[in-house]
Amino acid sequence: MTAPGAVLLDADGTLVDSTYLHVAAWSQAFDRVGHPVDSWRIHRSIGMGSDKLLAALLGDAAAKLGDPASDAHSEIYASTTDQLRRFEKVHELLRALRERGLHAVLSTSAPPDELEHIRRVLDAEDLLHAVTAAEDVEDAKPEPDLVQAALTKAAVPAQRAVFVGDAVWDVEACTRAGVPCIGVLTGGISAAELTDAGAVAVYDSVAHLLDELDDSPVGQLTR
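Just so it is clear, the structure is predicted and the values come from calculations on it, not from any experiment. (Residues numbered from 1 in each chain as written. Predicted model: local features only at pLDDT ≥ 70, side-chain atom pairs only at ≥ 80, totals over all residues. Heavy atoms only, no water.)

Student: Explanation requested: the nonpolar core in the structure shown.
Tutor: Across soluble globular proteins, nonpolar side chains show a tendency to be buried alongside one another. Counting residues in each nonpolar core, the largest one holds 82 residues, and the members touching the most others are Leu 8, Leu 9, Phe 30, Leu 94, Leu 97 and Leu 106. Once you skip the residues sitting within four places of it in the chain, Phe 30 turns out to touch His 35, Pro 36, Val 37, Ile 42, Leu 53, Leu 54, Leu 57, Leu 58 and Ala 69. (Core = buried A, V, L, I, M, F, W, Y, C linked by side-chain atoms within 4.5 Å. Buried < 20%, exposed > 50% of the residue type's maximum accessible area, 1.4 Å probe, protein only. Contact = heavy atoms within 4.5 Å.)

In structure tokens form, the structure reads like this:
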């Protein structure tokens, strides 16, 4: 008997339109601690764990400014969460996965306050098999911990799962975990970059993935 399959779904930039809110919050946070960083550089680091993002963007100054910048980002981002929205057809995709007997796992290492906002905006608790959280992950993306935690919660082996994400860090984490990664463009990273990083397929959005679901790598899990 074929083992059940699972679709592991990134949150920020994939299911929830939050990437550019994070970019703006980090930009203001870096200004606040006296170390401005260009927004394009911030954008290209979104999806990394915050420790890795701070090291990449602040360099040697991260040891001194990392914690104040992180605190400022959390404060500023929290003030914008009324602007959060889920992307089109998220509920429809989750229902389609359930109808095909696939477990949908929200795969995020967002801290508790951010995860609360994500879950509120998604409004999909009854459509999710499981949710990962910050306490499930020792090292954030591009390390494979997040993907491995989601596999554990889905109770499936890597070969019976597909991950959906929007950043090269998602793809790199999946490669290390042995899980195919589908890319979506809703985080602002190009199809070429996602493909070069190792994405097995790229779609404009989860709505586009839904339209082609049965012919996608997700559909292969049902065969």
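Following the structure, the description resumes.
Student: What should I look at first to understand helix H8 (residues 168–177) in this one?
Tutor: Owing to its 3.6 residues per turn, the α-helix brings residues three or four apart onto one side. Within H8, seven of the ten residues are buried, which leaves the element mostly enclosed by the surrounding structure. Inspection of H8 places Val 168, Trp 169, Asp 170, Val 171, Ala 173, Cys 174 and Ala 177 among the buried residues, and these make up the whole buried set. On its buried face, H8 is in contact with helix H2 (39–45), helix H7 (145–154), strand S4 (161–165), strand S5 (181–184) and helix H9 (191–197). Following H8 by one or two positions, Gly 178 has its phi on the positive side, about 75°. (Helix = DSSP H or I, 4+ residues; strand = E, 2+ residues; numbered from the N terminus.)

Student: Would you take a moment to explain the sheet that holds S4 for this structure?
Tutor: Backbone-to-backbone hydrogen bonds join strands into a sheet, with any given pair of strands oriented parallel or antiparallel. Judged by pairing direction, the sheet is parallel, and its six strands sit side by side in the order S3-S2-S1-S4-S5-S6 without closing on themselves. Single-partner strands in this sheet number two, and they are strand S3 (130–131) and strand S6 (201–203). Inspection of the sheet shows S4 paired to S5 by three bridges, in the parallel sense. Paired with Val 164 across the bridge in S5 is Ile 182. Against the sheet, helix H5 (residues 90–99) makes contact with strand S1 (6–9) and strand S2 (103–106), and its axis sits at roughly 160° relative to S1, the strand it touches most. (Pairing = 2+ DSSP bridges. Axes fitted to C-alpha atoms, helices over the stretch in contact; angles between N-to-C directions.)

Student: Would you mind going over the side chain of Asp 10 with me for this structure?
Tutor: When you line up the elements, Asp 10 lands in the loop between S1 and helix H1 (19–32). Taking the relative accessible area as the measure of exposure, Asp 10 reaches 4% and is therefore buried. A distance of 3.3 Å separates a polar atom in the side chain of Asp 10 from a polar atom in the side chain of Lys 141. Those residues in contact with Asp 10, other than ones at most four positions away along the chain, are Leu 15, Ser 107, Lys 141, Phe 163, Val 164, Gly 165, Asp 166 and Asp 170. (Polar contact = N/O pair within 3.5 Å; in protein donor to acceptor, adjacent residues only side chain to side chain.)

Student: How should the pairing of S2 be read in this particular structure?
Tutor: Looking down a regular strand, the side chains alternate between one sheet face and the other. Where S1 lies against S2, four bridges are found, and the strand directions are parallel. Within S2, the position partnered with Ala 6 by the bridge is His 103. Bridge analysis of S2 against S3 gives two bridges, and the strand direction is parallel. Note that in S3 the partner of Leu 106 across the bridge is Val 131. Each parallel crossover has a hand, and for S2 linked through helix H6 (residues 112–122) to S3 it is right-handed. (Right-handed = clockwise from strand over helix to strand, strands pointing away.)

Student: How do you make sense of the side chain of Ser 216 when you look at a structure like this?
Tutor: Within the fold, Ser 216 resides in the loop between helix H10 (206–211) and helix H11 (217–220). Look at Ser 216 and you get buried, because its relative accessible area is 0%. Residue contacts for Ser 216: discarding those within four places in its chain leaves Tyr 203 and Leu 209.

Student: What is the right way to read the pairing of S1 from this model?
Tutor: Side chains Ala 6 and Leu 8 project from S1 onto one buried face, and the interleaved Val 7 and Leu 9 project onto a second face that is buried too. Here S1 runs beside S4; their pairing, made up of four bridges, is parallel. Bridging from a neighbouring strand, Leu 9 pairs with Val 164 of S4.

Student: Is there a simple way to explain the packing of aromatic side chains in this structure?
Tutor: Here a ring pair, both rings aromatic, is described through the centre-centre distance and the interplanar angle of the planes. Applying the stated rule across the entire model yields one aromatic pair. When the centroid spacing of 5.5 Å and the interplanar angle of 20° are considered together, the rings of Trp 26 and Phe 30 count as stacked. Here the residue Trp 26 and the residue Phe 30 both occupy positions in helix H1, the gap between them amounting to four residues, near one helical turn. Looking at Trp 26, the relative accessible area reads 5%, which means it is buried. You can call Phe 30 buried: its relative accessible area is 0%. (Phe/Tyr/Trp six-rings, centres within 6.5 Å; stacked < 30°, edge-to-face > 60°.)

Student: What's the story with the pattern of salt bridges in this structure? I'm lost.
Tutor: Oppositely charged side chains can form a pair if their charged atoms are brought close together. If you walk through the whole model with that rule in mind, you get nine salt bridges. Of the charged contacts, one joins Asp 17 and Arg 85 as a salt bridge, the two residues approaching to 3.4 Å between their closest N and O atoms. You can see Asp 17 sitting in the loop between S1 and H1 and its partner Arg 85 sitting in the loop between helix H4 (62–78) and H5, a full 68 residues away along the chain. Residue Asp 214 pairs with Arg 100 through a salt bridge whose shortest N-O separation is 2.8 Å. Residue Asp 214 is located in the loop between H10 and H11, and its partner Arg 100 is located in the loop between H5 and S2; the two are separated by 114 residues in the primary sequence. A relative accessible area of 39% places Asp 214 in the partly exposed class. (Salt bridge = Lys/Arg side-chain N within 4 Å of Asp/Glu carboxyl O.)

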